[in-house]
Amino acid sequence: YHAATTLAEYIWSGGGGLQLSNGATSQYPAVPAAAAESGDSYLFSAAAFSGTGGGVVAISTLSTAGPVTFTFPAPWTYSGPTPAALPTFDFNYSGFSSKTGVANTALIGWSPKTNSENLIEVIASGNYLSGSTSAGIPDLSDLTGFLAAPASGAQVFWGADVMQSSAGVLQATSGSADAVGVVSAGTYTVP
């Protein structure tokens with residue numbers, strides 16, 4: 001893995017935020033106390049990536065400025081789904097076994113024509129999977145407003161991650177919260 005870098009942001013309680021540092025490895029600027037309001041927070045996102053499409057991430061939210069320590073999860077080796085128009089992803093990762101707040105995300109993207117991109121993303125909680133490690137991209141093309149699957153021969157970008165959060169799956173945070181995860185990505189051609 002390459003050296004980890006951190007993105008530091010200040011998030012306003014009423015919405016919006018300010019990037020404080022991009023690529024920080026040991027320091028970030030703090031917002032002056034006179035500018036801080038109740039409910040504001042600091043958001044830190046640290047990541048380290050391999051040269052082969054895998055990575056580890058750690059996210060921390062703090063209510064006040066201060067030192068932050070990240071503990072990355074064990075890496076995940078995943079070569080991706082079997083190429084298909086609507087693939088099934090295998091989230092077989094034991095790093096978060098018996099933990100709550102686990103979410104599995106699968107993403108495919110392709111360009112149906114020049115200067116455009118279609119994306120389909122599926123997020124499945126550990127509870128939803130109920131012991132299974134597989135989640136597929138569903139065919140929702142019969143529903144108004146949903147995309148058709150990529151055509152045969154299309155070059156597809158895929159991404160997958162397994163995240164564990166102290167706030168739970170897709171839940172808003174208040175105060176301090178932490179999340180860690182593993183990611184993998186690549187491409188394939190639809191058969």
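Only a predicted model underlies this, so the values are computations on that prediction, with no experimental measurement involved.

The rules behind the values
- Residues numbered from 1 in each chain as written.
- Predicted model: local features only at pLDDT ≥ 70, side-chain atom pairs only at ≥ 80, totals over all residues.
- Heavy atoms only, no water.
- Helix = DSSP H or I, 4+ residues; strand = E, 2+ residues; numbered from the N terminus.
- Areas by Shrake-Rupley, 256 points an atom, 1.4 Å probe, with all protein chains shown as cover.
- Buried < 20%, exposed > 50% of the residue type's maximum accessible area, 1.4 Å probe, protein only.
- Pairing = 2+ DSSP bridges.
- Axes fitted to C-alpha atoms, helices over the stretch in contact; angles between N-to-C directions.
- Polar contact = N/O pair within 3.5 Å; in protein donor to acceptor, adjacent residues only side chain to side chain.
- Phe/Tyr/Trp six-rings, centres within 6.5 Å; stacked < 30°, edge-to-face > 60°.
- Core = buried A, V, L, I, M, F, W, Y, C linked by side-chain atoms within 4.5 Å.
- Contact = heavy atoms within 4.5 Å.

(A) Here's a closer look at the overall build of the protein. Looking only at helices and strands, one finds one helix and 10 strands in the protein. Counted from the first residue to the last, the protein has its helices and strands arranged as β-β-β-β-β-β-β-α-β-β-β. The C-alpha extent of the protein, read off along each of the three principal axes, is 55 × 40 × 30 Å. A total accessible area of about 10800 Å² is found for the protein, and carbon and sulfur atoms account for 52% of it.

(B) Local environment of unusual backbone geometry. One non-glycine residue with positive phi stands out, namely Asn115, at about 60 degrees. Of note, Asn115 is situated in the loop between β6 (102–110) and β7 (118–125). Using a relative accessible area of 82% as the deciding quantity, one classes Asn115 as exposed. With a phi close to 50 degrees, Ser130 is a non-glycine residue in the positive phi region. With respect to the helices and strands, the residue Ser130 is situated in the loop between α1 (126–129) and β8 (134–136).

(C) Up close: the sheet that holds β6. Read across the sheet, eight strands follow the order β2-β1-β3-β4-β10-β9-β6-β7 without closing on themselves; strand pairing throughout is antiparallel. Every interior strand has two partners, whereas the edge strands, β2 (17–24) and β7, have only one. For this sheet the average axis-to-axis angle between neighbouring strands, irrespective of direction, equals 15 degrees. Pairing of strand β1 (residues 5–11) with β2, which is carried by six bridges, proceeds in the antiparallel orientation. Along β2, the bridge assignment pairs Tyr10 with Leu18.

(D) Structural view of the environment of Tyr42. Turning to its location among the elements, Tyr42 is positioned in strand β3 (residues 41–49). Judged by relative accessible area, Tyr42 falls into the buried class, the value being 3%. For the pair formed by Tyr42 and Pro138, sequence separation is 96 residues and the distance between their alpha carbons is 36 Å. Only 2.8 Å separates the side chain of Tyr42 from the backbone nitrogen of Val31, close enough to count as a polar contact.

(E) Summary view of the packing of aromatic side chains. In the structure shown here, the tally under the stated rule is 11 aromatic pairs. Consider the rings of Tyr28 and Phe44, whose centres lie 4.8 Å apart with planes at 65 degrees: the pair is edge-to-face. Of this pair, Tyr28 sits in the loop between β2 and β3 while Phe44 sits in strand β3; the two residues are 16 residues apart in sequence, bridging distant segments of the chain. The structure contains a cluster of three or more aromatic residues connected by ring pairs, namely Trp76, Tyr78, Phe89, Phe91, Tyr93, Phe96 and Trp158.

(F) How the structure looks around the nonpolar core. In this structure, Trp76, Phe89, Phe91, Ile108 and Val162 are the most contacted members of the largest nonpolar core, which totals 28 residues. Excluding its chain neighbours within four sequence positions, the residues that come into contact with Val162 are Trp76, Phe91, Tyr93, Phe96, Val102, Ala103, Asn104, Val180, Gly181 and Val182.

(G) Fine view of the side chain of Ser21. Among the structural elements, Ser21 can be located in strand β2. Overall, the relative accessible area of 14% leaves Ser21 in the buried class. Other than its neighbours up to four places away in sequence, Ser21 contacts Thr6, Leu7, Ala8, Gln27, Tyr28 and Pro29.

(H) Inspection of the environment of Pro150 at higher detail. Relative to the helices and strands, Pro150 resides in the loop between β8 and β9 (155–165). Separated by 86 residues in the primary sequence, Pro150 and Thr64 place their C-alpha atoms 46 Å from one another. Residues contacting Pro150, with those up to four places away along its chain left out, are Ala85, Ile108, Trp110, Val156 and Val190.

(I) Broad picture of the environment of Leu129. Counting through the fold element by element, Leu129 comes out in helix α1. Each C-alpha atom of the pair Leu129 and Asn104 lies 9.1 Å from the other, and the pair is 25 residues apart in sequence. Ignoring any residue separated from it by four or fewer positions in sequence, one finds Leu129 in contact with Asn104, Ala124, Ser134 and Ala135.

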